[in-house]
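Topology and contacts: notes
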Amino acid sequence: MLTTTTTPAEDPRRTTEFAEQFACSPRGARLARRLTVRRMEEWGHPPEGDLSCAVALVVGELAANAVRHGRVPGHDFGLRVTLDGAAGLVRVEVSDAAAGKRPPAAPPSSYSEDESGRGLLLVDVLSVRWGTTPRRPVGKTVWAELAVKTE
């Protein structure tokens, strides 16, 4: 596993980052969410706080989508979480190797009775903006930005 991080120091305007590769499996998605919550706590946002809970939900949804829809045998998925204190944003990026399987441009506009399909609706509600970009050399990155509010 590749891990990079910086510590937040006393300057709340500082940018801090966490990045790691995870097995493209349900266990990998759960681990990504748990490690993100732990990192948010290290950055001064307790697990029970609104921001940490929102980031955990977004990471959980995007990681689960990477496992379910973006899995390519032999490839992991990547997670990058950046806390930009100056901009007041947390950016979550989940990358997978399936370039051809892009999420819809917008979440579903209505509630259905299906057992799944609401993940992007949650991401849309919790984030300031979200989208997808191509990943080089292969795949895509689905990202979301969440506002940092005083907890």
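Cut-offs applied
Residues numbered from 1 in each chain as written. Predicted model: local features only at pLDDT ≥ 70, side-chain atom pairs only at ≥ 80, totals over all residues. Heavy atoms only, no water. Helix = DSSP H or I, 4+ residues; strand = E, 2+ residues; numbered from the N terminus. Expected span 1.5 Å × (residues − 1). Buried < 20%, exposed > 50% of the residue type's maximum accessible area, 1.4 Å probe, protein only. Contact = heavy atoms within 4.5 Å. Axes fitted to C-alpha atoms, helices over the stretch in contact; angles between N-to-C directions. Parallel < 35°, antiparallel > 145°, perpendicular 65-115°, else oblique. Left-handed = near helix turned anticlockwise from the far one by under 90°. Nonpolar A, V, L, I, M, F, W, Y, C, P; charged D, E, K, R; others polar. Phe/Tyr/Trp six-rings, centres within 6.5 Å; stacked < 30°, edge-to-face > 60°.

Points about helix H2 (residues 50–69)
With 20 residues, H2 should cover 28 Å at 1.5 Å per step; its first-to-last C-alpha distance of 28 Å lies within 8% of that length. By the burial criterion, the buried members of H2 are Leu51, Ser52, Ala54, Val55, Ala56, Val58, Val59, Gly60, Leu62, Ala63, Ala66 and Val67. For H2, the secondary structure elements touched by its buried residues are helix H1 (26–42), strand S3 (77–84), strand S4 (89–96), helix H3 (119–126) and strand S6 (140–147).

Let's talk about the packing of H1 against H2
Put simply, H1 and H2 touch, their axes get as near as 9 Å, and they point 160° apart. In terms of axis orientation, H1 runs roughly antiparallel to H2. Crossing angle aside, the handedness with which H1 passes H2 is right-handed. Contact residues: H1 offers Pro26, Ala29, Ala32, Arg33, Thr36, Val37 and Met40, while H2 offers Leu51, Ser52, Val55, Ala56, Val59, Gly60, Ala63, Ala64 and Val67. Tallied by class, residues from the contact of H1 with H2 come to twelve nonpolar, three polar and one charged.

Some details on the packing of aromatic side chains
For the structure shown, the criterion picks out one aromatic pair. Ring plane angle 25° and centroid distance 5.6 Å describe the contact between Phe22 and Phe77, whose orientation is recorded as stacked. Of the two residues, Phe22 sits in strand S2 (residues 15–22) while Phe77 sits in strand S3, which places them 55 residues apart along the sequence. For Phe22, a relative accessible area of 2% corresponds to the buried category. With a relative accessible area of 0%, Phe77 lands in the buried category.

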